[in-house]
Amino acid sequence: GVPCARGKRAQTRVAVTAEGRTRVQVHRVSPSYASGSLVPLHFGLGAAPAAESVEIVWPGGERQRLGPLPGGQVYRLRRGGAPEDMIPKVRSARP
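Residues numbered from 1 in each chain as written. Predicted model: local features only at pLDDT ≥ 70, side-chain atom pairs only at ≥ 80, totals over all residues. Heavy atoms only, no water.

A. Fine view of the overall build of the chain. From N to C terminus, the chain includes zero helices and 10 strands. Beginning at the N terminus, the succession of helices and strands in the chain can be written as β-β-β-β-β-β-β-β-β-β. Here the chain holds 95 residues, and 22% of them are scored as buried. Taking the intrachain contacts of the chain between residues at least 6 apart in sequence as the baseline, contacts between residues at least 24 apart amount to 29%. Accessible surface for the chain amounts to roughly 7300 Å². Of this, 54% is attributable to carbon and sulfur atoms. (Helix = DSSP H or I, 4+ residues; strand = E, 2+ residues; numbered from the N terminus. Buried < 20%, exposed > 50% of the residue type's maximum accessible area, 1.4 Å probe, protein only. Contact = heavy atoms within 4.5 Å. Areas by Shrake-Rupley, 256 points an atom, 1.4 Å probe, with all protein chains shown as cover.)

B. Inspection of a nonpolar patch on the surface at higher detail. A contiguous nonpolar patch, built from Val74, Met86 and Ile87 and spanning about 240 Å² of accessible area, is present on the exposed surface. With respect to the helices, strands and loops of the structure, Val74 is situated in the loop between strand E8 (69-70) and strand E9 (75-76). (Patch = residues over 30% accessible without salt bridge, like charges linked within 9 Å, V, L, I, M, F, W, Y side chains within 5 Å. Salt bridge = Lys/Arg side-chain N within 4 Å of Asp/Glu carboxyl O.)

C. Inspection of the pairing of strand E6 (residues 53-57) at higher detail. Of all the five residues making up E6, four are buried; the element is thus mostly covered by neighbouring parts of the structure. By the bridge criterion, five bridges tie strand E1 (residues 10-18) to E6 in an arrangement that is antiparallel. Among the inter-strand pairings, Thr17 is bridged to a residue of E6, identified as Ser53. As paired elements, E6 and strand E7 (residues 63-66) share four bridges and run antiparallel to each other. Bridging from a neighbouring strand, Glu55 pairs with Arg65 of E7. Counted between consecutive antiparallel strands, the loop separating E6 from E7 contains five residues, among which Gly60 sits at a positive phi close to 100 degrees. (Pairing = 2+ DSSP bridges.)

D. Spatial organisation of the sheet that holds E6. Across the sheet, four strands lie side by side as E2-E1-E6-E7; this open sheet has antiparallel pairing. The sheet is open, and its two edges are formed by strand E2 (21-29) and E7, each paired on a single side. Averaged over all pairs of adjacent strands, the angle between strand axes in this sheet comes to 15 degrees, irrespective of strand direction. (Axes fitted to C-alpha atoms, helices over the stretch in contact; angles between N-to-C directions.)

By themselves, these observations are geometric and do not establish any function.
Encoded structure:
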């Protein structure tokens, strides 16, 4: 993690562009004694099959750009890493 001044909130800004429209959300982690809360962000893409681009501004100002990313998925994003699909595809046992 990135150090944060005592009593301050670490925040990450995420901008997702699909069908030429950009949606922005800010992910905040409020510090607490021995914990913090992590709530996933949700971006609706409408009829778009994928997000054209995802831009993340991490605490400290570092920027990361990703995309395109298929819609209908849950991703874990880590600083400097590739997005990790959190819901594995279920393969049919039928031929």
